[in-house]
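# Architecture at a glance
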Amino acid sequence: GSNVVMGTDSATTINATANGTGVTITHSLIAIIMDTNAPSSSVGFAEMDGYVFSASTAAIYNTQVNSLHTWPAGNFIQPDIETDNIRTITRLKRYIVSFGSSSIEFFHNAGNPSGSILSRSAEMALGFGVINDGAVAQAGDILCFVGGEAGQITGTNYGVYMFEGYTPKKISTSTIDKIISSTTFPTLDIFSAFGKTFLHVAAGSTSTYKYSLLYCIESQEWVESGFPFYMRLASLVGLLSGVAVND
């Protein structure tokens, strides 16, 4: 069947004291999508035209229109420019964008009566790949990623790109490339502060971030952020009071 199980909070008061110590709060998941047609392990979500899209490493699935919990059988489409895995998906203007390890593909709402609502915009496909699912960030029409041209990505050869329209433009310098390429798990966030828009790059491993870099979209300048190396920007909301954060 198709349903959503909502999460709950519970409190254990054994050994609780009057000042509130000894109370254990247990949080469960906010929601679990139980429809067996939805991907059991998602690498990314997006929304467009009343449809929710969820990607596995092999295909992009969509819900019934205006529904979060109904995922009809057969409502999926597979990227096919390369035999790579999907890293994540996002939405850019009127397209759902699939980022793979060696390809980027665009899909539009074709209004198909059966199967996926999406059709491939084959002429827009790009021979670029991204490093990991956290190496993509979007805020409005600003879309950035860490990766490189297919066939040229190695552990020491990738950079930071930002889309101009639907074409990636490299924005990182050779120095930034060297810093990021010396790490294994770069991640991106975009936020606005002081009338400017910034791309934040946290570079390190999956457990420890070694470098924290900022790129100003308007001035096109790179600086060291001064943020603690171990924190991604999403963890810094308390430090950036009143700042809009987009992950």
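What you see is a predicted model, and the numbers here were worked out from it, not measured in a lab.

### Some details on the overall build of the protein chain
Counting secondary structure elements, the protein chain contains one helix and 22 strands. Out of the 247 residues in the protein chain, the part that is buried amounts to 43%. Sequence separation of 24 or more characterises 41% of the internal contacts of the protein chain that already satisfy a separation of 6 or more. Accessible surface for the protein chain amounts to roughly 12600 Å². Of this, 52% is attributable to carbon and sulfur atoms.

### Digging into the confidence of the model for the protein chain
For the protein chain, the mean per-residue pLDDT works out to 81, and 74% of the residues sit at or above 70. Predicted confidence in the protein chain is weakest over strand E22 (residues 244–246), with a mean pLDDT of 41, and strongest over strand E11 (residues 104–109), with 98. Note that pLDDT drops below 50 for residues 228–247; the model gives that stretch 42 contacts with residues more than four away or on any other chain.

### A look at the environment of serine 40
Turning to its location among the elements, serine 40 is positioned in the loop between strand E4 (31–33) and strand E5 (44–48). Overall, the relative accessible area of 81% leaves serine 40 in the exposed class. Residues serine 40 and serine 54, 14 residues apart in the sequence, show an inter-C-alpha distance of 9.9 Å.

### Some remarks on the packing of aromatic side chains
Tallied over the full model, the rule gives 14 aromatic pairs. With a centroid separation of 6.0 Å and 90 degrees between ring planes, the pair formed by tyrosine 95 and phenylalanine 106 is classed as edge-to-face. Taken together, the residues span a long stretch of sequence, with tyrosine 95 in strand E10 (residues 95–100) and phenylalanine 106 in strand E11 at a distance of eleven residues. Residue classification places tyrosine 95 among the buried positions, given a relative accessible area of 18%. Between phenylalanine 106 and tyrosine 166, the aromatic rings sit 5.8 Å apart at their centres with planes inclined by 90 degrees, giving edge-to-face as the arrangement. Within this pair, whereas phenylalanine 106 is found in strand E11, its partner tyrosine 166 is found in the loop between strand E16 (159–164) and strand E17 (167–170), the two being separated by 60 residues in sequence. Three or more aromatic residues joined by ring pairs make a cluster, and in this case those are Tyr95, Phe99, Phe106, Phe128, Phe145, Tyr161, Phe163 and Tyr166.

### Digging into the pattern of salt bridges
Under the definition given, this model contains six salt bridges. The salt bridge involving arginine 91 is made with glutamate 47; its shortest N-O contact spans 3.7 Å. With arginine 91 in strand E9 (residues 86–92) and glutamate 47 in strand E5, this residue pair connects regions lying 44 residues apart in the sequence. Overall, the relative accessible area of 26% leaves arginine 91 in the partly exposed class. Residue glutamate 47 is classed as partly exposed on the basis of its relative accessible area, which comes to 42%. Here lysine 169 ties to glutamate 164 by a salt bridge, and the two come within 3.4 Å at their closest N and O atoms. Here the residues in one salt-bridge network are Asp80, Glu105 and Arg120, joined through shared partners.

### Concerning the sheet that holds E10
Across the sheet, four strands lie side by side as E9-E10-E11-E12; this open sheet has antiparallel pairing. Strand pairing shows two members of the sheet lacking a second neighbour, E9 and strand E12 (118–120), which therefore form its edges. Taking the axes of each pair of neighbouring strands and ignoring which way they run, one obtains an average angle of 30 degrees across the sheet. Where E9 lies against E10, six bridges are found, and the strand directions are antiparallel. Bridge pairing in E10 links arginine 91 to isoleucine 96.

Conventions used here
Along every chain, residues carry numbers that run from 1 in the direction the sequence is written. Predicted model: local features are reported for residues with pLDDT of at least 70 only, side-chain atom pairs are reported and counted for 80 or more only, and whole-chain, interface and lining totals are derived from all residues. As a convention, hydrogens and water are excluded, and side-chain values are obtained from all of the structure's heavy atoms. In this description a helix means any DSSP run of H or I spanning at least four residues, a strand means any run of E spanning at least two, and both kinds are numbered starting from the N terminus. Any residue under 20% of the maximum accessible area for its type is buried, any over 50% is exposed, and the rest in between are partly exposed; the area is computed with a 1.4 Å probe on protein chains only. Should any heavy atoms of two residues lie within 4.5 Å, those residues are counted as being in contact. For the area figures, the Shrake-Rupley method with a 1.4 Å probe applies, and any residue is considered shielded solely by the protein chains shown. Confidence scores here are pLDDT values: one per residue, from the predictor, ranging 0 to 100. Classification of ring pairs rests on two measures: the distance between centres of Phe, Tyr or Trp rings, Trp counted by its six-membered ring, which must be within 6.5 Å, and the angle between planes, read as stacked under 30 degrees, edge-to-face over 60 and tilted in between. Here, a salt bridge means any Lys or Arg side-chain nitrogen found within 4 Å of an Asp or Glu carboxyl oxygen. If DSSP finds at least two bridges between two strands, the strands pair. Helix axes are fitted only over the stretch in contact, all axes being lines through C-alpha atoms; the angle between N-to-C directions runs from 0 to 180 degrees.

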